[in-house]
Amino acid sequence: MRIGELAVTVGVTTRAVRHYHHLGLLPEPERRANGYREYGLRHAVVLARIRRLTELGLGLAEVRDVLADDAGKDLVEVLTELDEDLARQEEALRERRARLRALLDAEGGVPAEGPVSPELAALFAGTAHLSDSRMAAKDREIIAFLETAMPAEDRERLVSSVGEALGSPGAVARAGEAYALLDALAGAEPDDPRVAEAARALAGCIPPTLFPEAGELDQHDGVLRAFYDDLAPAQAEAVRRTLRILTEERR
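This structure is a prediction, so every number in the text was calculated from the model and none was measured.

Quick look at the overall build of the protein now. Helix and strand counts for the protein come out as 13 helices and zero strands. Starting at the N terminus and walking to the C terminus, you meet the elements of the protein as α-α-α-α-α-α-α-α-α-α-α-α-α. Burial statistics for the protein: of 251 residues in total, 34% are counted as buried. As presented, the protein carries roughly 15,500 Å² of accessible surface, and 52% of it is formed by carbon and sulfur atoms.

Here it is, written out as structure tokens:
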């Protein structure tokens, strides 16, 4: 058989055959006097085996390991590992679909900040009426970012703390007042007397569990700098003062 006939017989492309030659998976016959390579039954058997193994999901490196053992002793082990890996992928896919469905079914729908946990989406839905506040929007963005960036063990604490801060009508009302004060500082200077009032109002909205320890603040120093850079000077100063107030309260 010529290479084209071999490829058609096994159901692959001639390009795939040449690639398997290059990787050393499929023996390459010597050229005959006429310049063509002649493939035999053994080549077809090996090529068919490569196709079956790749269709099962094995990578070419794993296929090489299986083919290297003529007795096929490693095949059961490799296929068992593949089965276990597929089972893990199925479980992860089920979990992802469950989270997606919970997000789609959540009251208020998918938040503007994009996919977040269903618990956080529900809390954001409770503050939807604050959507006109630019500072409220920035707050939601940073919270969504932190939920994504935090280690899994810290996410539950974050959502619980946000729930404490925004989980009641009174808390949402206080947050709305603080956001209004911060929004009013958009064109102000850092020494504006309203900065102190806004800082106190914002500090009053933040529960101790939401405010990180000093060491954790250091870890997010780059995030804080980027957050400040995105604010007007007076707003950034108000947030800095808020952090100082909370730091003093924790001592």
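What follows picks up the thread again.
Let us now look at the packing of aromatic side chains. The geometry of an aromatic ring pair is captured by the separation of the ring centres together with the interplanar angle, meaning the angle of the planes. Taken as a whole and judged by the stated rule, the model has zero aromatic pairs. The ring of Tyr 36 has Arg 2 lying over it, and the distance from NZ or CZ to the ring centre is 4.0 Å.

As enumerated under the stated definition, the model contains seven salt bridges in all. Put simply, Arg 94 and Glu 91 hold a salt bridge, and the shortest N to O gap is 2.7 Å. With Arg 94 and Glu 91 both in helix H5 (residues 73-105), this residue pair falls three residues apart, about one helical turn. Its relative accessible area of 36% is what places Glu 91 among the partly exposed residues. The shortest N-O distance in the salt bridge between Lys 138 and Asp 230 comes to 2.7 Å.

The next thing to look at is the packing of helix H7 (residues 134-149) against helix H9 (residues 169-183). Put simply, H7 and H9 touch, their axes get as near as 7 Å, and they point 110° apart. The pairing of H7 with H9 is recorded here as roughly perpendicular in orientation. Contacts from Arg 134, Met 135, Ala 136 and Asp 139 in H7 reach Tyr 179, Leu 182 and Asp 183 in H9. Its residues assigned to classes, the contact of H7 with H9 shows four nonpolar, no polar and three charged.

This part is about the packing of H9 against helix H10 (residues 194-203). Running from N to C, H9 and H10 point in directions that differ by 155°, and their axes come no closer than 9 Å. Judged on the interaxial angle alone, H10 and H9 are roughly antiparallel. As for the relative orientation of H9 and H10, their crossing is left-handed in sense. The segment H9 lies against H10, with Ala 178, Leu 181 and Leu 182 engaging Glu 197, Ala 198, Ala 201 and Leu 202. Among the residues making up the contact of H9 with H10, the classes are represented as six nonpolar, no polar and one charged.

Buried within helix H4 (residues 60-68) we find Val 63, Val 66 and Leu 67. Axial view of H4: buried residues confined to an arc of 95°, hence all on one face.

Thresholds, definitions, all that
- Residues numbered from 1 in each chain as written.
- Predicted model: local features only at pLDDT ≥ 70, side-chain atom pairs only at ≥ 80, totals over all residues.
- Heavy atoms only, no water.
- Helix = DSSP H or I, 4+ residues; strand = E, 2+ residues; numbered from the N terminus.
- Buried < 20%, exposed > 50% of the residue type's maximum accessible area, 1.4 Å probe, protein only.
- Areas by Shrake-Rupley, 256 points an atom, 1.4 Å probe, with all protein chains shown as cover.
- Phe/Tyr/Trp six-rings, centres within 6.5 Å; stacked < 30°, edge-to-face > 60°.
- Lys NZ or Arg CZ within 6 Å of the ring centre and 35° of its normal.
- Salt bridge = Lys/Arg side-chain N within 4 Å of Asp/Glu carboxyl O.
- Axes fitted to C-alpha atoms, helices over the stretch in contact; angles between N-to-C directions.
- Parallel < 35°, antiparallel > 145°, perpendicular 65-115°, else oblique.
- Contact = heavy atoms within 4.5 Å.
- Nonpolar A, V, L, I, M, F, W, Y, C, P; charged D, E, K, R; others polar.
- Left-handed = near helix turned anticlockwise from the far one by under 90°.
- Arc of directions from axis to C-beta.

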